[in-house]
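Spelled out, the chains give:
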Amino acid sequence: MVDTRNGIDWIIETLRKKQSPDGSWDDPFETGISTDAYMIILLRTLEIHDEELIQGLCRRILSRQEKNGAWKLFYDEGDGNVTATLDAYYGLLYSGYYPKTDPKLLAAKKFILSHGGINEVGLYTKIMLAITGQYEWPSDSPVPIELILLPLNFPVNFYSFSVFGRANLAPLMILATNKFTLKPAKTPDLSELNLNRYGESLWIRSSEWRSFLSFIGDGVKNLNGLPEELRPLAFERAKKYMLDRIEPDGTFCSYYSSTFLMIFALLSLGYKKTDPIITKAISGIKSMQCEIKGLPHMQYTTADVWNTSLIGYALQSAGISRDDPMVQKANRYLLSRQQHKFGDWVIHNPNSLPGGWGFSNINTILPDVDDTTASLRSISRIVPPENAAWERGISWALSMQNNDGGWPAFERNADSKLVENLPLEKAKFLLMDPSCADLTGRTLEFFGNYTNLSQNHEAIKNGITWLKKDQKKDGSWYGRWGICYIYGTWAAITGLKAAGIPNSDSSVGKAISWLRRIQNKDGGWGESCHSDIQNKYIPLGTSTIVHTAWALDALITVSEQPNVEIERGITYLMNSLNKDDWTTDYPKGQGMGGAFYIHYHSYRYIFPLLTLSHYQRKFQ
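Each value, and the rule that gives it
Residues numbered from 1 in each chain as written. Predicted model: local features only at pLDDT ≥ 70, side-chain atom pairs only at ≥ 80, totals over all residues. Heavy atoms only, no water. Helix = DSSP H or I, 4+ residues; strand = E, 2+ residues; numbered from the N terminus. Contact = heavy atoms within 4.5 Å. Phe/Tyr/Trp six-rings, centres within 6.5 Å; stacked < 30°, edge-to-face > 60°. Buried < 20%, exposed > 50% of the residue type's maximum accessible area, 1.4 Å probe, protein only. Pairing = 2+ DSSP bridges. Salt bridge = Lys/Arg side-chain N within 4 Å of Asp/Glu carboxyl O. Polar contact = N/O pair within 3.5 Å; in protein donor to acceptor, adjacent residues only side chain to side chain.

Student: How would you explain the environment of Ser-399 if you had to name every residue and give the values?
Tutor: Locating Ser-399 in the fold gives a position in helix α15 (residues 388-399). Here the alpha-carbon distance between Ser-399 and Glu-411, two residues 12 residues apart in the chain, equals 10.0 Å. Excluding residues that lie within four positions of it along the chain, Ser-399 makes contacts with Asn-349, Ser-352 and Arg-412.

This is the structure:
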């Protein structure tokens, strides 16, 4: 038996020191350097001279450059990522502090050209380049703005897409329809990076997409009104969609990308740069700035509610009393962040009342299932069942179950097969919110371990059925919001066990065999972000603290006695808590496979604490 007490105590004291005065934990939500580059580009395009911030962002971007001149999304990506490299190159160049002749920029330019130039970057970067005059808008909008007018009963309509997709599509449709460009005199010239400069800009290379546009066009023709009347109406509807979803800090749905696009969309509609909506949006983006290793980073959003709910739950699992001031402050913070407004989720879930929690500190209209069950876990020991906050949260989470039996993140049944088959880059990540193993597993775990919901309840049985169907042939599950198969398998196993599924069940047995099979020689586990790209488990080649904690927690859940695999894993975890290398910075979450990865700084404390506590409580 491994003595885990010192490790548990060390993590608890570390978390105690990191708690903010309001009771939350504001550990960074780190997403590479693209948001840093976009901030420079935004400020320079709007001619806002925040030189201290711009210089700090430049230093951070340069600190991440590889020796070959490229930037990567993750450590083992290969020689680099052309989209991230172009974002960095453009941001540094636009800052005005680095000329094209700078050796670091020359190296970056060489990498971009050797990997196909501008035409090979991701769709969102192409949009940013078009907005700032570096790339031609397509002759036809990638998504016609009249889409927003289609009724809910049309096979594909604006609400067929996920709320994240809509938040980005609404301003994009305005910008693409207007073919808006803002190019101040000091804008850099990136034309030498366009290897297709005499041909049409390559946005979407697909005949299927043209067929989809034709399908949407047919739907638009059936709307009441003449074309010259419909377009202004569509513009007004898209503008209203954005303005109605501005958070108290001025951001649009609390996301960096949607707020960035909204600012330019409003400018294209005639708003002035000095309009209060635009200036507040810029302030809102700036307020999401954090500091990492002494340098500024523009977070895509804040993760305060997510961090705090998981940490509050982990601390109490480790034996910290609900009356401890640290836990009390955390739970007061969480109770203050429960949402009371109707958001977009009500479109597909009209019979439920608000009661969920969101992800970020300032989010008031965008709850999600994961944050809701995580927050409920943390407040479960201080809030009696009859309390309204507890009841509202449980009711909302239960009501969000999809018709297929699984749980999504943000809204029910946003999983149209028509949307899934769109040949739009990253469409399944950008436009869909389907049932997924990590959400379904954790929701089952919550209902099984924290409520008196019967294992024979229809929702529980349907969740189990969906989860079993979703299991891969090798025994693993794919986790939509994490990296990736280890994450999904951990969530699925702990969920099935909480729902009463025995170890003798073949789904559990296959999953445990898979986890044992992929354990590393040092006793840990580690998975590459390439898993997300190749849609199969790809080992990282070395262990990470967080992957090890997930795998171990699954094994502990199904074991009556500590076996060799568990003991080796716990030994690795205890010996690695103070580790500080590339593996501790490696992404453990994702938003878009192959394009958008997340390093949650809080995870290195949360999941080891949970796993060590579960080991101690069960075996010691």
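Student: Explain the packing of aromatic side chains to me, and be specific about the residues and the numbers.
Tutor: One pair of aromatic rings is described through two measures. These are the centre distance and the angle between the planes. Counting across every chain of the model gives 41 aromatic pairs. Measuring from centroid to centroid gives 5.5 Å for Tyr-90 and Tyr-94, while their planes differ by 20 degrees, and the two rings are stacked. Here Tyr-94 and Tyr-90 lie together in helix α4 (residues 82-95), a separation of four residues that amounts to about one turn. Residue classification places Tyr-94 among the buried positions, given a relative accessible area of 4%. Ring plane angle 35 degrees and centroid distance 5.7 Å describe the contact between Tyr-255 and Tyr-300, whose orientation is recorded as tilted.

Student: An account of the sheet that holds strand β6 (residues 589-592) is needed here, citing residue identities and associated values.
Tutor: The strand order across the open sheet built from three strands is β1-β7-β6, with neighbouring strands paired in antiparallel fashion. If you trace the sheet from one side to the other, it starts and ends with β1 (29-30) and β6, each paired once. Here two bridges tie β1 to strand β7 (residues 596-600), and the two strands are oriented antiparallel to one another. Among the inter-strand pairings, Phe-29 is bridged to a residue of β7, identified as Tyr-600.

Student: I'd like a rundown of the pattern of salt bridges, residues and numbers included.
Tutor: Using the criterion set out here, one finds 22 salt bridges in the structure. Notably, a salt bridge pairs Arg-245 with Asp-344, separated by 2.8 Å at the nearest N-O pair. Taken together, the positions of Arg-245 in the loop between α9 (227-243) and α10 (256-268) and Asp-344 in the loop between α13 (325-336) and α14 (369-379) put the pair 99 residues apart, joining distant regions of the chain. Residue classification places Asp-344 among the buried positions, given a relative accessible area of 7%. Among the charged side chains, a network of salt bridges with common partners joins Glu-30, Asp-36, Arg-60 and Arg-64.

Student: So what about the side chain of Gln-134? Which residues, and what values?
Tutor: Residue position: Gln-134 is located in the loop between α6 (123-131) and α7 (163-178). Here Tyr-90 takes part through its side chain, which lies 3.3 Å from a polar atom of the side chain of Gln-134. Side-chain polar atoms of Gln-134 contact the backbone oxygen of Pro-188, separated by 2.5 Å. Not counting residues up to four positions away in its chain, the partners in contact with Gln-134 are Tyr-90, Ile-118, Leu-129, Thr-187, Pro-188, Asp-189 and Leu-190.

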